[in-house]
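Working through the structure, step by step
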2 protein chains.
Amino acid sequence: MERIPILKMGPFLLVTIQVDLYDRLALNLENDLITMVSKTGARGVLIDISAVSIVDSFMGRILGNIASMSRIMDAETVVVGMQPAVAITLVELGLTLQGVHTALDVEKGMDLLHDKIGPDQLQEQDEEEGPDDRTE
Amino acid sequence: MERIPILKMGPFLLVTIQVDLYDRLALNLENDLITMVSKTGARGVLIDISAVSIVDSFMGRILGNIASMSRIMDAETVVVGMQPAVAITLVELGLTLQGVHTALDVEKGMDLLHDKIGPDQLQEQDEEEGPDDRTE
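So, a few notes on the structure that sits alongside this text. Not measured: the values here are computed from a predicted model.

Definitions and limits used
- Residues numbered from 1 in each chain as written.
- Chains lettered and ligands numbered in written order.
- Predicted model: local features only at pLDDT ≥ 70, side-chain atom pairs only at ≥ 80, totals over all residues.
- Heavy atoms only, no water.
- Pairing = 2+ DSSP bridges.
- Helix = DSSP H or I, 4+ residues; strand = E, 2+ residues; numbered from the N terminus.
- Axes fitted to C-alpha atoms, helices over the stretch in contact; angles between N-to-C directions.
- Contact = heavy atoms within 4.5 Å.
- Expected span 1.5 Å × (residues − 1).
- Buried area = accessible area lost by both parts, 1.4 Å probe.
- Salt bridge = Lys/Arg side-chain N within 4 Å of Asp/Glu carboxyl O.
- Polar contact = N/O pair within 3.5 Å; in protein donor to acceptor, adjacent residues only side chain to side chain.
- Buried < 20%, exposed > 50% of the residue type's maximum accessible area, 1.4 Å probe, protein only.

A few words now on the sheet that holds strand S1 (residues 6–9) of chain B. Residue and element names in this part refer to chain B. The strand order across the open sheet built from five strands is S1-S2-S3-S4-S5, with neighbouring strands paired in mixed fashion. Edge positions in the open sheet fall to S1 and strand S5 (101–103), since each of these has one partner strand only. Strand-to-strand twist across the sheet, computed as the mean angle between neighbouring axes with direction ignored, equals 25°. Helix H2 (residues 57–72) contacts strand S3 (44–48) and strand S4 (76–80) of the sheet and is inclined by roughly 150° relative to S4. Running at roughly 160° to S3, helix H4 (residues 106–117) makes contact with S1, strand S2 (12–16), S3, S4 and S5 of the sheet.

Below, the structure is given as structure tokens:
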């Protein structure tokens with residue numbers, strides 16, 4: 001498995017990380033996500049890590065990278081579903097996940113993104129997207 | 001990894017299959033899904049198989065099982081993101097995925113579920129869910 005699927009859900013992208021992120025998979029994910037943000041004009045990226053039970057500094061850096069890259073592309077990143085043990089490990093490792101927002105689950109993460117982006121901007125985007133959908 | 005995460009998105013559950021479903025993982029997924037449907041009162045199950053490039057009769061049976069179990073629990077199942085090669089293989093294997101609805105991607109799958117369930121019933125459910133959310 002060389003790629004993690006990225007799901008488009010309205011104005012947001014959803015990624016569920018279920019496997020250990022080794023170098024190549026992580027690089028692919030970064031590339032794919034940025035390409036998808038650019039292609040779909042997504043305003044937010046949700047990363048679900050509820051299946052991740054072990055986190056290390058590499059994983060922490062990857063999450064930080066994705067958030068930084070997304071921000072340059074005008075999309076916010078929210079990490080959701082973190083297990084308590086993972087949060088403990090992150091703090092013990094001294095990783096504060098700067099620039100990464102967190103939420104308890106996907107629903108709360110979506111609410112957070114909606115709050116951050118604001119309903120006006122989402123509506124604008126829906127209007128922009130309209131004609132594209134019809135020409136598919 | 002013994003479990004595939006199940007994400008609750010409003011009245012639906014979303015599962016992204018990224019790994020090969022061997023026996024135990026498949027049984028866990030069936031159990032977890034049915035438990036989640038029962039616990040959350042979900043009206044639909046979305047199974048994303050965009051990362052699955054090889055499908056066999058076992059996988060086909062698992063998808064059929066999940067759909068049958070969900071239907072007994074009054075939830076519809078939609079399989080989304082099937083790769084063209086997978087569709088070809090399924091037909092060649094003579095697997096028609098009876099009782100399983102399909103859609104091109106998650107967004108179209110959600111639209112399909114919304115159509116199937118009807119807006120009135122979804123609204124009812126939102127109202128039912130309201131008090132639970134407040135007591136969390």
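Take helix H2 (residues 57–72) of chain A next. Residues and elements named next belong to chain A. A rise of 1.5 Å per residue sets the reference length of H2, with its 16 residues, at 22 Å; its end C-alpha atoms lie 23 Å apart and thus fit the reference within 8%. The inward-facing, buried residues of H2 contact helix H1 (23–40), strand S3 (44–48) and strand S4 (76–80). Just downstream of H2, Asp74 is the residue with a positive phi angle, here 65°.

Of the residues lining the interface, 19 residues belong to chain A; the matching set on chain B comes to 19 residues. Interface area, chain A with chain B, both sides summed: about 1700 Å², of which 60% is carbon and sulfur. Counting the surface chain A buries against chain B, the share from its top three residues, Leu7, Gln18 and Glu107 of chain A, is 34%. Linking Glu107 of chain A and Lys8 of chain B is a salt bridge whose minimum nitrogen-to-oxygen distance equals 3.7 Å. Put simply, chain A and chain B have four residue pairs in polar contact (both at pLDDT 80 or more) between them. Put simply, the parts of the chain that give the side of chain A that touches chain B at least two residues each are strand S1 (6–9), strand S2 (12–16) and helix H4 (106–117) of chain A.

Its 18 residues place the ends of H1 of chain A 26 Å apart at the C-alpha level, agreeing with the 26 Å of an ideal helix rising 1.5 Å per residue. All buried positions along H1 of chain A are accounted for by Leu25, Ala26, Asn28, Leu29, Glu30, Asp32, Leu33, Ile34, Met36, Val37 and Thr40 of chain A.

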